[in-house]
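Analysis of the macromolecular model
The residues making up each chain are set out below.
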Amino acid sequence: MNLKKYRKKSPWILHYNTGSCNGCDVEILACLAPKYDLERFGVLNRGNPKQSDILLVTGPVTKRARERLIRLYMEMPEPKVVVAVGACACTGGVFRGMYNVENGVDKFIPVDVYVPGCAARPENIIDGVVRALEILEEKKKDLQLTRKCVGDIEYVLGKQLNRRKIVAEGIRRCYEDRRD
Amino acid sequence: MEQIVGALIVLPWIFAIAVFLSPNHRLRQILTFLSLPVLTYLAFKVWNSNLPFFVETPHWVETAVTVFDYLLLGYFLYQGIKFRSFLVSVLAVAQLFLLTWVLLILPHSATPPIYVDRLTSFMYLIVATVGTIICIYATKYMEQENLDRENRFVAILLWFLGVMNFAVSVNNIEWFFALFETTTLASYILIRFRWDEISVKNAIRALWMNQVGGIAILIGILFAVKYYNVYNFTDILKINATAISMIPLGFLSISALVKGAQMPFHKWLLGAMVAPTPVSAILHSATMVKIAPYLILRISPVIKGTLLAKLLITTTGFVFVAAGLLALTQDNFKRILAYSTISLLGLMMLTASMGSSVAILASLLLIFFHAVVKALLFLEAGIMEKEFHVKYIEEMRRLIEKAPITVFFIALGFMSMTIVPYGIFIAKWITLEEASNFISHGAYIASIIFITIGGVILTLLYFKVIGVISRKRGEFVSFKLEKLPFIYMFTTGLYVISTIVGSLFIAHFSTDFVNLVVKDITGEFANIKAESLTLITPVSQIYDWQILGAIILLMIVPVSAYFVYFKADRVYEYTCGENISLNIGTYNFSCISKIEPFIETIAVALFVLTLVLGGGLV
Amino acid sequence: MSKELSVVLTLLSPFIGGLVYGFERIVRARMQNRQGPPILQPFYDFFKLMDKRSIMIHSFHAFMGIMYLIGTWFSLYVLLSGGDILIAIFFHVLSLAFLVIGGFSVRSPYSVVGAMRELIHMLAYEPVFVLAAVGLYLVTGTFQVSELLKTDTVPILTLPLVFIAFLLSLPAVLKKSPFDIAEAHQEIIGGPEIEYSGKFYEAVYTAKWIEYVYAFFFVFLFAGGNYFLGAVLVVLSFFIVNLIDNATARVNFRQMVSFHWYILIPLVVVNLMLLALWRA
Ligand code: SF4
């Protein structure tokens, strides 16, 4: 039986705010609320990385938030997709270049769909989620690493990949180039 | 048969003296070890004989008991003066006075003073198996604690067994008083055993509280002589139940409630935990507190269906719930066990005072399984104390990684106190179904509510502890069993096996064994049947596959903790992505400790009600 | 109920429960003026979870999730096989015990809090369940489910208050608002089930569907031998439970326990006492 097609039918989302102005978060909640009703696609807001397939990230990733972002991402079981919601999450938006932000989510974790807009419109978000589902269907079940760990992590940690060690290593690396 | 009964009573004393005098630790261990097969054999001999029978005693025994009584009370008085305890002294004086009065008015009775029926020999069996195993354990325990005083300690424990055997076989209530107070003395000495300040204080408290029970018995005898002109259990049982005055029985039940550590007299049993752990084990399981349900069982045919019985049901049912509630607030392992004993004693007396055959059966099942399981848990508490230096449940946190066997036994013990299909659950279940038959009276419907709520509270309590001990960080790095001394493994292993086997064959155990006791108490068999493992009660049945299935399910849990391994990624626990060090505690239910005075007030009120209304003092 | 039927029903219970759950999600959506997911949605979730890469805290915890499924299934069979109601109730406790031990076995704050609350749930609803069983016994004279389903008497006619109390305790069993404190998705994110994922969460998820069947079968018993009325009662109670779920906010555990102990239990007791006195 091909189980892949069911991924599309039951995407559970995790929503993480990496320091946004809450504009995009309100729009995400609006998607889930009766007017747009994302649940008709089977979407549930689980609030729990271990049971989610889609990570909806808003905000420009402040320095306080990056460690949590990595941890949450690594706690999600594969296959998983990341949707960056809002201009901030895509590029840093209005916060770009500030001393305390990291200018976008994709510096740390691989992003599959970018949803533009400040704030992103609910229709756009829904569109983004639907696109993400198409990507999700094709994804493999291999371990997905955070940005800075891709490539040489096997070399550093040896062959047995332990998620906990990867998280620790990923967090260590995101502090490597600290400017503060 | 007389000789065997005599041997059962006297042999523990001889063993005690031998242990006390023997110079060598090994020798003492062998002697203690011998007591198990010897006493068990004798108890079985009594069980298989032609029960019930009376034993005539020569006249000098009567005199000896009287002299002993005075000596005992004199000793209490001396202790009261020595430790400047006003209560103990006053109560001792009152007891002396009442005893003299009783002896003056006691009529002559042709009934022999010793009466052995199935109930007695059932208690013999419990004492002989559960009790002696604790003594064997105590030899090792005291070796680790204080070898110099080991002989004294084990000797007192063994002697206690003899006293207990004597106490359950007397027929004459005046003698029963003497033995009741002797068990008080034994517990007093044992609780005081460490001789530090707090031990002495708790021992004194145990002393005066139990003296209150003694006074209740004496007053009971006085009224029994006044109203019925008899003072033997068998004679009282012969009286036509409907017409008699309840006053003596009311006082006897009060003494049972005190001995059974029912609120508000529960503090003495809690205080007993300062003594070495085998003391708690022996007080809670085989001896001492089991006198309470024993006494109620003795008088249950007379009080059945009376107001006294209904009030007893309410009082003990309330204690069943309240003690469970208070246990939730505790974090000391032994204190939790003590509260749960109080709670379960309440249930035993509740079922005993219902008085119907099925309820009596439930009570006996409870007595047996509670003795075994509580002994197991207390022995485990001692092991944890001595081997792993753990006293509080918070400290048990990572014990599962260090001590798999101990944790397995503890988990099993706790589960067998509450979950299907272990003996205590079966007793609870048949009591519920029995009580549903009399629902038109408030006491019975109250008993149903109390039993369910109390049962759930105990479940909550036990799972709180199991939760703490089952918590672990990750996979086992390497699996190895802890090395325990042989005696510890042997004693606890015996209990575990008997719990599981007893629960598995509960149907036959209750029909072929316990039901005979029921017949002797109520005059008719409880209407239960056994088909292979299936237990059939009057209105319902528990099937063999249910019992087997539940036991297998429950056995899988602890075993799987060590042997199941899944190949999958390991991740952190979800903490909202924060990287924080966690210190996970347990819920301490501080909301309950606030209402403790309130609970005690209600308990006092119920106590007084039982005495005044139930005993017919108005 | 014949043996074959009960075995078949037990085996089918995940499907039935899944359909009930799917239907419930639609009903809930419609009550909120939404469209809601398709009715087979729970099964889509099921297959999706099967396909996830499995991650876990440690094997014991993951295994407890599976044991919870087995235990719940077993307790449902105990109920359906026509045995004693009380035994079935206590078997349900047994199955919950696995979830609770699993919840306690990880060093996760939400999981531990949730497990404790799960026990408090038990504290609240179990007395009502037992008293309801006693009430059924009082009316029909038997504790056996198989006998209950054969009687001519219709228990609900004589036990209206018991039925109401039972109905109001259903949210606590099914963890629905206002008594969803053990799950409390906005607060402790699912409680004891938070650390499960992938296949292991699937076991917990399925066990919850089975609990639907378990709980609503109890409702069915209130109609005795009248199966049509039983079906009506089940549907009715299903809607009422969902209505309450949608219309109320979560209470705290003290309010939950006191609601059950001080309102529902007296309600049951009044009914039972009056009935027993009337009979006597
Ligand atoms: S994109 Fe605009 S609305 Fe969205 S979080 Fe950033 S600043 Fe706020």
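Please refer to the structure higher up on the page.
Report on the accompanying structure.

What counts and what doesn't
- Residues numbered from 1 in each chain as written.
- Chains lettered and ligands numbered in written order.
- Predicted model: local features only at pLDDT ≥ 70, side-chain atom pairs only at ≥ 80, totals over all residues.
- Heavy atoms only, no water.
- Helix = DSSP H or I, 4+ residues; strand = E, 2+ residues; numbered from the N terminus.
- Rg over C-alpha atoms; globule rule 2.2 N^0.38 Å.
- Buried < 20%, exposed > 50% of the residue type's maximum accessible area, 1.4 Å probe, protein only.
- Contact = heavy atoms within 4.5 Å.
- Areas by Shrake-Rupley, 256 points an atom, 1.4 Å probe, with all protein chains shown as cover.
- Buried area = accessible area lost by both parts, 1.4 Å probe.
- Salt bridge = Lys/Arg side-chain N within 4 Å of Asp/Glu carboxyl O.
- Polar contact = N/O pair within 3.5 Å; in protein donor to acceptor, adjacent residues only side chain to side chain.
- Nonpolar A, V, L, I, M, F, W, Y, C, P; charged D, E, K, R; others polar.
- Pairing = 2+ DSSP bridges.
- Near = heavy atom within 4 Å.
- 1 Å grid on protein atoms, 1.4 Å probe; cavity = no way out; pocket = protein on both sides within 12 Å on 5 of 7 lines; lining within 4 Å.
- Points joined across faces, edges and corners; volume = space filled by probe spheres on them.
- Phe/Tyr/Trp six-rings, centres within 6.5 Å; stacked < 30°, edge-to-face > 60°.
- Lys NZ or Arg CZ within 6 Å of the ring centre and 35° of its normal.

Attention now goes to the overall build of chain B. Along chain B, the regular secondary structure elements total 25 helices and six strands. Against the compact-globule benchmark of 25 Å for 618 residues, chain B has a radius of gyration of 24 Å, which places it among compact chains. Judged by the C-alpha coordinates and their principal axes, chain B covers about 80 × 60 × 50 Å. Going through the 618 residues of chain B one by one, you find that 68% of them count as buried. In chain B, of all internal contacts separated by at least 6 residues, the share reaching a separation of at least 24 is 83%. Accessible surface, chain B: about 19,900 Å² in total, of which carbon and sulfur atoms supply 65%.

Counting from both sides, the interface comprises 64 residues of chain B and, opposite them, 68 residues of chain C. Of the roughly 6,000 Å² buried at the junction of chain B and chain C (both faces included), carbon and sulfur atoms supply 77%. Counting the surface chain B buries against chain C, the share from its top three residues, B:Leu553, B:Phe566 and B:Tyr574, is 10%. Counting across the interface, chain B meets chain C through zero salt bridges. Taken together, chain B and chain C are joined by five residue pairs in polar contact (both at pLDDT 80 or more). Sorting the residues of the side of chain B that touches chain C by element identifies α19 (423-435), α20 (442-470), β5 (541-542), α23 (544-563) and β6 (569-570) of chain B as the ones contributing at least two each. The element contributing the most residues to the side of chain B that touches chain C is α20(B), with 15 residues. Grouping the constituent residues of the side of chain B that touches chain C by class yields 39 nonpolar, 16 polar and nine charged. Pairing of β6(B) with strand β1 (residues 55-56) of chain C involves two bridges; the strand directions are parallel. Residue pairing in the sheet places B:Arg570 in a bridge with C:Met56 of β1(C).

All names here are of chain B. Across the sheet, which stays open at both edges, the three strands sit in the order β3-β4-β5 with antiparallel pairing between neighbours. Strands with a single pairing partner mark the edges of an open sheet, and in this sheet they are β3 (529-531) and β5. Alignment of β3 against strand β4 (residues 534-536), held across three bridges, turns out to be antiparallel. Looking at the pairing, Lys-529 lines up with Ile-536 of β4.

Take the interface of chain C and chain A next. A common measure of how large an interface is: the accessible area buried when the components associate. Each side of the interface is counted separately: chain C has 30 residues, and chain A has 34 residues. Counting each side, the surface lost to burial between chain C and chain A is near 2,700 Å², with a carbon and sulfur contribution of 51%. Of all residues in chain C, the largest losses of buried area upon contact with chain A belong to C:Lys48, C:Asp51 and C:Arg53, amounting jointly to 25% of the total for that side. In this structure, C:Arg53 and A:Glu78 form a salt bridge, with 3.7 Å as the shortest nitrogen-oxygen distance. Seen at the junction of chain C and chain A, the total is 20 residue pairs in polar contact (both at pLDDT 80 or more). Looking at the side of chain C that touches chain A, the elements with two or more residues in it are α2 (41-50) and α9 (198-221) of chain C. Of all the elements, α2(C) adds the most residues to the side of chain C that touches chain A, at seven residues.

Once that is clear, we can look at the pattern of salt bridges. Summed over all chains, the structure comprises 30 salt bridges over all chains. Note that B:Lys334 is salt-bridged to B:Glu385, the shortest N-O span being 3.6 Å. Of this pair, B:Lys334 sits in helix α15 (residues 333-354) while B:Glu385 sits in helix α16 (residues 357-388), and the two are 51 residues apart along the sequence. Given the relative accessible area of 6%, B:Lys334 is considered buried. The buried category is assigned to B:Glu385, whose relative accessible area is 12%. Between C:Lys208 and C:Glu183 there is a salt bridge, and its shortest N-O distance comes to 3.5 Å. Taken together, the positions of C:Lys208 in helix α9 and C:Glu183 in the loop between α8 (160-174) and α9 put the pair 25 residues apart, joining distant regions of the chain. Overall, C:Glu183 belongs to the buried group, its relative accessible area being 12%. Here the salt bridges share partners, and the residues they tie into one network are A:Asp37, A:Glu39, C:Arg25, C:Arg34 and C:Asp45.

All names here are of chain A. Neighbouring the ligand are Ser-20, Cys-21, Gly-23, Cys-24, Gly-86, Ala-87, Cys-88, Val-94, Gly-117, Cys-118 and Ala-119. Those elements that provide at least two residues to the shell around the ligand are α2 (23-32) and α4 (86-91). Ranked by the residues each element gives to the shell around the ligand, the list is headed by α4, at three residues. Partitioning the shell around the ligand into residue classes produces seven nonpolar, four polar and no charged.

This part covers the layout of surface pockets. Space inside the largest pocket adds up to approximately 1,500 Å³. What lines the largest pocket is a set of 47 residues, and nearest its centre among them are A:Leu44, A:Asn45, C:Arg28, C:His185 and C:Gln186. Counting residues per element, the ones that place at least two in the lining of the largest pocket are β1 (12-17), α2 and β2 (44-45) of chain A together with α1 (3-31), α8, α9 and α10 (227-247) of chain C. Top element by residues in the lining of the largest pocket is α9(C). It accounts for six residues. For the lining of the largest pocket, the class distribution of residues is 23 nonpolar, nine polar and 15 charged. By volume, the second largest pocket amounts to about 860 Å³. For the second largest pocket, the lining is made up of 31 residues, of which B:Val321, B:Leu325, B:Ile453, C:Trp261 and C:Tyr262 are closest to its centre. Sorting elements by how many residues they give to the lining of the second largest pocket places α20(B) first, with nine residues. Across the lining of the second largest pocket, the residue classes tally to 28 nonpolar, two polar and one charged.

Remark: the centre distance and the inter-plane angle together describe each pair of aromatic rings, the angle taken between the planes. One pass over the structure, following the stated rule, counts 62 aromatic pairs over all chains. With a centroid separation of 5.2 Å and an interplanar angle of 85°, the aromatic rings of B:Phe368 and B:Phe369 are classed as edge-to-face. Residue B:Phe369 is classed as buried on the basis of its relative accessible area of 1%. Here the aromatic rings of B:Trp545 and C:Phe74 are separated by 5.9 Å at their centres, their planes lie at 85°, and the arrangement is edge-to-face. A residue pair is termed interchain when its members come from two chains, as with B:Trp545 in helix α23 and C:Phe74 in helix α3 (residues 59-80). Its relative accessible area of 26% is what places B:Trp545 among the partly exposed residues. Its end group placed over the ring of B:Tyr141, B:Lys386 keeps NZ or CZ at 4.8 Å from the ring centre.

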